[in-house]
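Spelled out, the chains give:
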Amino acid sequence: ALLDGELVVLGHDGKPSFSQLQHRIHAGSPSSVKRLASAHPASLVIFDLLHLDGGSLLDRAYDQRRAALDALQIGASNWAVTPSFTDATGPEILRVAVDAGMEGIVAKRRSSLYRPGQRSREWIKVKHQRMQEVVIGGYTTGKGSRRAGFGALLLGVPAGDSRKVTFVGKVGTGF
């Protein structure tokens, strides 16, 4: 079988943690790889089935590929098939996904074919976006390839009408 999926690392809250995944990806030495694999195991979330028993399923509708994937009845402690819903509304599914810590959902037309490497109007990624006005309170020093600039911006949120700012985190990507 050839599967389509994504690696995730769960945080202490049981929700996907992109920063923990990045730590795993950028681990350099065998000892740090072993330590991080033990402390923060990666899991595979499977989305689709592309080939089975030597035959391509790329020209089959999503419903057919999904039925073949479900028929495999696969899953283990560190890999699982993502749920598929045909009996709920998009907003309901998005709300459940966001509550579970997911960044969003992919709505797939049930008759859609799998088109490797191509974007399609038949698959729509719907991201949950939160917006917050913040104050940049400082920055961290850049390391490695970012040594000449800054590493991350330190962010805060003003506390009511006072001049105090509450630290809420840092951002080091997307510039």
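Note that the coordinates shown come from a computational prediction; the quantities given were computed from them, not determined experimentally.

Remarks on the pattern of salt bridges
One pass over the structure, following the stated rule, counts five salt bridges. Here Asp 63 and Arg 110 are joined by a salt bridge, their closest N and O atoms 3.0 Å apart. Here Arg 110 lies in the loop between strand 5 (104-108) and strand 6 (123-127) and Asp 63 lies in helix 3 (residues 62-71), a separation of 47 residues in the sequence. Three or more residues are tied together by salt bridges with common partners; here these are Asp 48, Arg 65 and Lys 108.

Observations regarding the packing of aromatic side chains
The final tally for this structure, using the stated rule, is two aromatic pairs. Measuring from ring centre to ring centre gives 5.4 Å for Tyr 114 and Trp 123, while their planes differ by 75 degrees; the resulting arrangement is edge-to-face. For the ring pair Tyr 139 and Phe 150, a centre distance of 6.5 Å and an interplane angle of 65 degrees mean the geometry is edge-to-face. Of this pair, Tyr 139 sits in strand 7 (residues 135-141) while Phe 150 sits in strand 8 (residues 150-158), placing them 11 residues apart in sequence. Sitting above the plane of the Trp 123 ring, Lys 108 keeps its charged end 4.1 Å from the centroid.

A word on the sheet that holds strand 9 (residues 165-171)
Across the sheet, which stays open at both edges, the three strands sit in the order 7-8-9 with antiparallel pairing between neighbours. Of all the strands in the sheet, the pair left with one neighbour each is strand 7 and strand 9. Here the strands of the sheet are splayed against their neighbours by 30 degrees on average, with no regard to which way each runs. In this structure, strand 7 lies alongside strand 8, joined through five bridges in antiparallel fashion. Bridged to Gly 138 within strand 8 is Leu 154.

Re the layout of surface pockets
Considering only enclosed or pocket space, the second largest pocket measures out at about 740 Å³ in volume. Lining the second largest pocket are 18 residues, and of these Gln 22, His 23, Arg 146, Gly 172 and Thr 173 lie nearest its centre. For the lining of the second largest pocket, the secondary-structure elements that each account for two or more residues are helix 1 (18-25), strand 7, strand 8 and strand 9. Counting residues per element, the lining of the second largest pocket draws most heavily on helix 1, which supplies four residues.

Section: helix 3
When we look at burial in helix 3, the residues that qualify are Tyr 62, Arg 65, Arg 66 and Leu 69. One side of helix 3 holds all its buried residues, which, seen down the axis, span an arc of 100 degrees. Of the surrounding secondary structure, the elements contacted by the buried residues of helix 3 are strand 1 (2-9), strand 2 (42-52), strand 4 (79-81), strand 5 and strand 6.

Topic: unusual backbone geometry
Peptide bonds are trans in most cases, and residues, glycine excluded, mostly fall at negative phi. Positioned with a positive phi, Asp 53 is a non-glycine residue whose angle comes to about 50 degrees. Backbone geometry at Gln 73 places phi at a positive 50 degrees, although glycine is not the residue there. Inspection of the secondary structure assignment puts Gln 73 in the loop between helix 3 and strand 4.

Rules used throughout
- Residues numbered from 1 in each chain as written.
- Predicted model: local features only at pLDDT ≥ 70, side-chain atom pairs only at ≥ 80, totals over all residues.
- Heavy atoms only, no water.
- Salt bridge = Lys/Arg side-chain N within 4 Å of Asp/Glu carboxyl O.
- Helix = DSSP H or I, 4+ residues; strand = E, 2+ residues; numbered from the N terminus.
- Phe/Tyr/Trp six-rings, centres within 6.5 Å; stacked < 30°, edge-to-face > 60°.
- Lys NZ or Arg CZ within 6 Å of the ring centre and 35° of its normal.
- Pairing = 2+ DSSP bridges.
- Axes fitted to C-alpha atoms, helices over the stretch in contact; angles between N-to-C directions.
- 1 Å grid on protein atoms, 1.4 Å probe; cavity = no way out; pocket = protein on both sides within 12 Å on 5 of 7 lines; lining within 4 Å.
- Points joined across faces, edges and corners; volume = space filled by probe spheres on them.
- Buried < 20%, exposed > 50% of the residue type's maximum accessible area, 1.4 Å probe, protein only.
- Arc of directions from axis to C-beta.
- Contact = heavy atoms within 4.5 Å.

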